[in-house]
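Below are the chains, spelled out letter by letter.
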Amino acid sequence: MYLMLLLYPFSMSRGQNRPKRLSDNELMTLVQRQTFRYFWDFAHPESGLARERSNGDDETVTVGGSGFGVMAIIVGIERGFVSREQGAERMLKIVSFLSDKHTDSYHGIWPHWMDGKTGKTIPFSRKDDGADIVESAFMFQGLLAAHQYFTRNNPTENRIRGMVNMLWRQAEWNFFTQGQDVMYWHWSPNNGWAMNHQIKGHNECHIVYVLGASSPTYPIAERVYHKGWSNANTFLNGREYYGIKLPLGENNGKGGPLFFAHYSYMGLDPYGLKDRYADYGEQAKAHTLINRAYCIENPKGYKGYGKQCWGLTASDGDKGYSAHSPGNDRGVITPTAALSSIPYTPEFSLETMRYFYEELGDLLWGEYGFRDAFNLTENWFAPSYLAIDQGPIVVMIENYRTGLIWKLFMSHPDVQKGLKRLGFTSPYLGKAD
């Protein structure tokens, strides 16, 4: 059956032809393969970057979602969905586009959205028309993993590594502190620091500070991490919810949406990762279990919530896009929430994966895997797929299965130096020179 899945035409893995009675390994492979299609078949043809969403403007690509796509391409090569040569050519297209003088960047940092043909900034909002250091951090997380993966001595892979090194060294992380002890999310050539959005508290942005401390050319000072990121009312928690202690994160939202446990930890391995504030493996697992327990409790009485059907995170919804969480529960379940949590709750996540695939079936399964979200109370299923939701599914399933992306990212010498600078301990750091 496993060989059949590898040879199965992409177009046949949906609708009435969906393979049935799959083992856990076969199901995970099929989900990875079908979701990978979003970043391979649906990528922008000229830049290779990931389109923001399947039901949007074909030219709009997302920098952060494309960083997740870079990691998904590595997984696709290792799983045999594409050849190494095909994957390397696609990666070269991506880094060549990002390196091109016509592609917008600001102090070495890209915008949230770009035109996939021209590389010009597409404003995310009226004043958000310049650098987005969080989205760029998600891209660099992927690029540094790619640097460690494409290590063969041939023209294509040599060029990939060279361009990644150049982009990495050009990024001015310390510029985004404004000379203060905190990092700022946005800078615009037209609006300067008008967005004034400080990055602090436990959320999806942990990777920004880790990369900022890891930069070999424009590093942030260690105090920026301790006085900025961790000095916030929404950082330390320590309360119990459903008998589960949550070390970090907001109180009212019981830790917040589950993408907080995914985006920074696709490359950054939370297991055994500790600083003076928390054990990040314990944090991720607790956050996930609390989110699931809330859905089982189902205090608002939504249809479908339960042990097999859980997961609140940012996604499309029947009333529009929202950061769904226990503190913002609109009856919307988002597949990426439970599936991307598989390294933390493998038994529960696999149970939910099987429920989505076997019970909801063709209502939820489609061209690029599971659709973005659904609300059974309203009998609504999203018509859409989003890059930032599809990417973590491919990558985190692989991290559960083999630790592939974690091992690559954590092996980068600059990352290891940055983690040590900030006072982290990790099993990977013991192996460093």
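Criteria and thresholds
- Residues numbered from 1 in each chain as written.
- Predicted model: local features only at pLDDT ≥ 70, side-chain atom pairs only at ≥ 80, totals over all residues.
- Heavy atoms only, no water.
- Helix = DSSP H or I, 4+ residues; strand = E, 2+ residues; numbered from the N terminus.
- Rg over C-alpha atoms; globule rule 2.2 N^0.38 Å.
- Buried < 20%, exposed > 50% of the residue type's maximum accessible area, 1.4 Å probe, protein only.
- 1 Å grid on protein atoms, 1.4 Å probe; cavity = no way out; pocket = protein on both sides within 12 Å on 5 of 7 lines; lining within 4 Å.
- Points joined across faces, edges and corners; volume = space filled by probe spheres on them.
- Nonpolar A, V, L, I, M, F, W, Y, C, P; charged D, E, K, R; others polar.
- Pairing = 2+ DSSP bridges.
- Contact = heavy atoms within 4.5 Å.
- Axes fitted to C-alpha atoms, helices over the stretch in contact; angles between N-to-C directions.
- Left-handed = near helix turned anticlockwise from the far one by under 90°.
- Phe/Tyr/Trp six-rings, centres within 6.5 Å; stacked < 30°, edge-to-face > 60°.
- Salt bridge = Lys/Arg side-chain N within 4 Å of Asp/Glu carboxyl O.
- Core = buried A, V, L, I, M, F, W, Y, C linked by side-chain atoms within 4.5 Å.
- Expected span 1.5 Å × (residues − 1).
- Parallel < 35°, antiparallel > 145°, perpendicular 65-115°, else oblique.

Draft legend 1. Just the overall build of the chain, in detail. Looking only at helices and strands, the chain features 14 helices and 15 strands. Relative to its length of 433 residues, the chain is compact, with a C-alpha radius of gyration of 20 Å against a globular reference of 22 Å. Its C-alpha atoms give the chain principal-axis dimensions of roughly 55 × 50 × 45 Å. Every one of the 433 residues in the chain was classed for burial, and the buried ones make up 63%.

Draft legend 2. Quick peek at the layout of surface pockets. Its volume calculated, the largest pocket comes out at about 460 Å³. What lines the largest pocket is a set of 22 residues, and nearest its centre among them are His-112, Phe-124, Glu-135, Tyr-321 and Ile-388. In the lining of the largest pocket, the residues fall into eleven nonpolar, five polar and six charged.

Draft legend 3. Summary view of the sheet that holds strand S1 (residues 60-62). Here three strands make up an open sheet; going across it, the order is S1-S2-S3 and the pairing antiparallel. Of all strands in the sheet, those with a lone pairing partner are S1 and strand S3 (121-122), marking the two edges. Sheet analysis places S1 next to strand S2 (residues 113-115), joined by three bridges and oriented antiparallel. Looking at S2, one finds that Val-61 is bridged to Met-114. Each of S1 and S2 touches helix H3 (residues 63-78); the most contacted strand, S1, lies at about 65° to it.

Draft legend 4. Quick look at the packing of helix H5 (residues 133-149) against helix H6 (residues 155-170). Viewed as axis vectors pointing N to C, H5 and H6 meet at an angle of 145°, and their least axial separation amounts to 9 Å. As for how H5 packs across H6, the hand of that crossing is left-handed. On H6, the residues touching Phe-140, Leu-143, Leu-144, His-147 and Tyr-149 of H5 are Glu-157, Arg-161, Val-164, Asn-165, Leu-167 and Trp-168. Across the contact of H5 with H6, the residue classes break down as seven nonpolar, two polar and two charged.

Draft legend 5. Structural view of the packing of aromatic side chains. Under the criterion given, the structure shown has 40 aromatic pairs. On the basis of an interplanar angle of 40° and a centroid distance of 5.6 Å, the ring pair of Tyr-209 and Trp-229 is categorised as tilted. Of the two residues, Tyr-209 is situated in helix H7 (residues 206-214) and Trp-229 in helix H8 (residues 222-229); the sequence distance between them amounts to 20 residues. Accessibility assignment for this pair places Tyr-209 and Trp-229 in one class, buried. Taking the centre distance of 5.7 Å and the plane angle of 85° together, the rings of Phe-356 and Phe-374 count as edge-to-face.

Draft legend 6. Quick peek at the pattern of salt bridges. If you walk through the whole model with that rule in mind, you get 14 salt bridges. Residue Arg-354 pairs with Glu-358 through a salt bridge whose shortest N-O separation is 2.8 Å. Of this pair, Arg-354 and Glu-358 are both found in helix H11 (residues 346-360), four residues apart, which corresponds to roughly one turn of the helix. Here the residues in one salt-bridge network are Asp-24, Arg-354 and Glu-358, joined through shared partners.

Draft legend 7. Layout of the nonpolar core. The biggest cluster of nonpolar side chains holds 102 residues, and the ones touching the most others in it are Phe-140, Trp-173, Met-183, Ile-199 and Val-208. The element best represented in this core is H5, accounting for eleven residues.

Draft legend 8. Highlighting empty space enclosed by the protein. The final tally for this structure, using the stated rule, is three cavities of 30 Å³ or more. Surrounding the largest cavity, Phe-39, Gly-48, Leu-49, Ala-50, Ser-66, Gly-69, Val-70, Ile-73 and Ile-94 form its lining. Of all the elements, H3 adds the most residues to the lining of the largest cavity, at four residues. Partitioned by chemical class, the residues of the lining of the largest cavity number six nonpolar, three polar and no charged.

Draft legend 9. Fine view of the pairing of strand S9 (residues 244-248). By the bridge criterion, four bridges tie strand S8 (residues 236-241) to S9 in an arrangement that is antiparallel. For Glu-240, the partnering residue across the bridge sits in S9 and is Lys-245. Taken together, S8 and the strand that follows it, S9, pair antiparallel across an intervening segment of two residues, in which Tyr-242 is found at a positive phi of about 55°.

Draft legend 10. Main features of the side chain of Glu-398. Within the secondary structure, Glu-398 sits in helix H12 (residues 387-401). The contacts of Glu-398, once residues within four sequence positions are left out, are Gln-32, Val-75, Arg-79, Gly-403 and Leu-404.

Draft legend 11. Just H11, in detail. Between its terminal C-alpha atoms H11 stretches 20 Å, which fits the 21 Å expected from 15 residues at 1.5 Å a residue. When H11 is considered as a whole, its buried residues turn out to be Ser-349, Leu-350, Thr-352, Met-353, Arg-354, Tyr-355, Phe-356, Tyr-357 and Leu-360. Of the surrounding elements, those touching the buried residues of H11 are helix H2 (24-40), helix H10 (335-339), strand S12 (365-366), strand S13 (369-370), strand S14 (374-375) and H12. The positive-phi residue at the C-terminal boundary of H11 is Gly-361, with phi of around 50°.

Draft legend 12. Highlighting the packing of H3 against helix H4 (residues 84-99). Put simply, H3 and H4 touch, their axes get as near as 9 Å, and they point 165° apart. With respect to H4, the element H3 is oriented roughly antiparallel. Of the two elements, H3 crosses H4, and the hand of that crossing is left-handed. Within the contact between the two elements, H3 uses Val-70, Ile-73 and Ile-77 and H4 uses Arg-84, Gly-87, Ala-88, Arg-90, Met-91 and Ile-94. Taken together, the residues that form the contact of H3 with H4 break down as six nonpolar, one polar and two charged.

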